[in-house]
Amino acid sequence: MVPPLRSSEDAPGTYGEGAPPTGADLLRLDDVNVRFGDRQVLRDVAFAIEPGQFVGLIGSNGAGKTTLLRVILGLQRPTSGAVHLAAGHELGGAGRPRRAPLVGYVPQKVMLDPDLPLRARDVVALGIDGRRPGIGLPSRSRLALVDRLLEQVSATRFADSRVGELSGGEQQRVLIAHALIGRPRLLLLDEPLANLDLNAGQDVVNLLARLAHEQQIAILLSAHEMNPLLPVMDRVVYLAGGRAVSGRTDEVIRTDVLSGLYGRPVEVLEVQGRVLVVAGLETPDLPVVSAGARATR
Amino acid sequence: MTAVWDAIFQAGFFSSDEVQVALVVGGVVAVVSGVVGVFAVLRGQSFAGHALADVGSTGGSGAFLVGAPPMWGFLVFSVAGAALMELIGIQRARGRDLATGIVLGGALGLSALFLYEDTTVHNTTGATMTVLFGSIFAISSSLTPWVVALSAISTAGVIVCYRPLLLASVHPDLAAAAGVPVRQIGAVFLGSLSVAVALSSITIGSILSTALLIGPAATAVRLARRPGLAMLWSALIAVVSVWLGVLLAYDSYTWPPKHQAWPASFFVVAVVFLFYLGADAGVSLRARLRRPAAGQVAGDGPAPAGVSG
Ligand SMILES: Nc1ncnc2c1ncn2[C@@H]1O[C@H](COP(=O)(O)OP(=O)(O)OP(=O)(O)O)[C@@H](O)[C@H]1O
Ligand SMILES: [Mg+2]
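We now turn to the structure provided with this report. (Residues numbered from 1 in each chain as written. Chains lettered and ligands numbered in written order. Predicted model: local features only at pLDDT ≥ 70, side-chain atom pairs only at ≥ 80, totals over all residues. Heavy atoms only, no water.)

1. Let's talk about the sheet that holds strand 1 (residues 27–36) of chain A
All names here are of chain A.
- Overall, antiparallel pairing links the three strands, which are arranged 2-1-4 in an open sheet. In this open sheet, the two strands that pair with only one neighbour each are strand 2 (39–49) and strand 4 (80–85). For this sheet, the mean angle separating the axes of adjacent strands, direction not counted, is 20°.
- The pairing of strand 1 with strand 2 spans seven bridges and is classified as antiparallel. For Arg-28, the partnering residue across the bridge sits in strand 2 and is Ala-48.
- The strands that helix 1 (residues 65–73) touches are strand 1, strand 2 and strand 4; relative to strand 1, the one it contacts most, it runs at about 120°. (Pairing = 2+ DSSP bridges. Helix = DSSP H or I, 4+ residues; strand = E, 2+ residues; numbered from the N terminus. Axes fitted to C-alpha atoms, helices over the stretch in contact; angles between N-to-C directions. Contact = heavy atoms within 4.5 Å.)

2. Concerning the interface of chain B and chain A
- Tallying the contact residues gives 27 residues for chain B and 32 residues for chain A.
- Carbon and sulfur atoms supply 62% of the area that chain B and chain A bury against each other, a total of about 2,800 Å² over both sides.
- When the buried surface of chain B facing chain A is broken down by residue, Arg-163, Val-170 and Arg-225 of chain B rank first, second and third, together holding 27% of it.
- Run the count over chain B and chain A and you get three salt bridges.
- The salt bridge involving Arg-70 of chain A is made with Asp-173 of chain B; its shortest N-O contact spans 2.5 Å.
- Scanning the region where chain B abuts chain A turns up 11 residue pairs in polar contact (both at pLDDT 80 or more).
- Counting only elements with at least two residues in the side of chain B that touches chain A, the list comes to helix 7 (144–160), helix 8 (162–170), helix 9 (172–177), helix 11 (206–223) and helix 12 (227–251) of chain B.
- If you tally residues by element for the side of chain B that touches chain A, the top one is helix 8 of chain B, at seven residues.
- Of the residues belonging to the side of chain B that touches chain A, the class tally is 19 nonpolar, three polar and five charged. (Buried area = accessible area lost by both parts, 1.4 Å probe. Salt bridge = Lys/Arg side-chain N within 4 Å of Asp/Glu carboxyl O. Polar contact = N/O pair within 3.5 Å; in protein donor to acceptor, adjacent residues only side chain to side chain. Nonpolar A, V, L, I, M, F, W, Y, C, P; charged D, E, K, R; others polar.)

In structure tokens, the structure reads:
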């Protein structure tokens, strides 16, 4: 019993499977394994991302989402396997990220110190040349670029506020602008929706979908909750038990596929327009592994 | 008018060599402490700064034992202490406090021994006071060029690492992902910090040097919204504090009870503290004045949910 899923075609602002195949992958992971001590966190994870694709990285707490993103960034060295980035930019063994401009990153749960003497626009500007030594001189073109990025993420209103005094959602936008200003071709976002209310989350998702579509920036966004992403996701990478399955949402979010991934029966249900992945009926006392319903606290 | 002037700048203040050296060395050191202090605050390394000062005091007291200028003792030990912390692993979030604590404990033991020897065997009672609380009026003018050179080195370290340090203070992973050699940058900063702490120790003593390092910086980051401005404010507050401290200490010689000058370090730290309290009050006041305006802004958001007045 596989309930019909909303596929990505009927979502506004995305191009789903209808997108022209652009050929070369932007990012490809080959059998990536990560082990911390005797705990295997990622097991033979393999998938690829093409330019302009919006990819959701779905998994519950501790599934290894952050670890996977850190592997892609070169911040975490895989125990085995390889990460290939656009045309030969291979990570290699050294684990030092060298392809900084190619990949933008918005880390998980950033709550900036209210005493940080940085305005929102300063944080964005650090995305241009924050890695360079020295103080750096302001230039008109830089200022204009920063303004443009702030506008793109609708952050103009609080551009001159202390960044640590902004709300979680506002900080999120500033960090997205920071990541985008380096003109990355791949943008990694770690649980950007976790601290946002429904409206703010929807705004961020729409913004990212637009970027993917208009600027051909590939987006890999992690979340433990897939429903807000269903309308815009081109592909999903579903993590559970250290293993991953990837594909179009209608290929992956299926009772048989996810049961195989979890190694126990789970069921994909659609309830009032929301997709729920719940423990299978055979083992009714298992907890819900990934509920689509937002927690009502 | 001149009476007031004479009461503030008492006879001999500007002509005294000791005062001149104190003003020059104190001013330069204050600038460095203010600038370096901002990143020490942002990186949560005030404990490390304090520990380096204590480690430096081991060198300072050891220098007295062998009859060397205490500045070199402070400097060598503070820098070596920083290197040791780096080796033990100050970079790891948890390792940081541990590494600092381990180095601190070992050094303080030695420091106690040296100060004991200074006082009992060598009969130089002043050593303890000088090492722990500073003696800004007793700095040899021959040290001035060295102080300036070391200040330049320490400041240069911060300037070179300025943007990467800021990026790392937003999020270390963000810096690492951008290709910043986070660990090396941290090591350079720790070097700058150790030099700044040593310089601060010779002016107001190892115990109080943390106050000069952290106090103006903590005040400045509350006042300024931009990092460059925060550093300017911090340096300015530090310089004003040190100079006021020197002036008040000089004047205090004529205060009752007569002919017992108060220590300059006390005044410096007192002024630093007053600046902090003032800024704190100012920031709260500003926030209170702004609140009504903030309520209006919240009103045009998409969520109409209860905006409190
Ligand atoms: N440096 C590390 N050393 C040891 N274990 C680690 C390390 N980093 C992560 N882990 C472990 O790897 C597992 C996956 O962690 P990860 O942070 O990738 O999960 P996640 O999917 O991002 O979870 P969340 O939704 O809570 O953010 C966790 O069990 C965690 O304890
Ligand atoms: Mg995570």
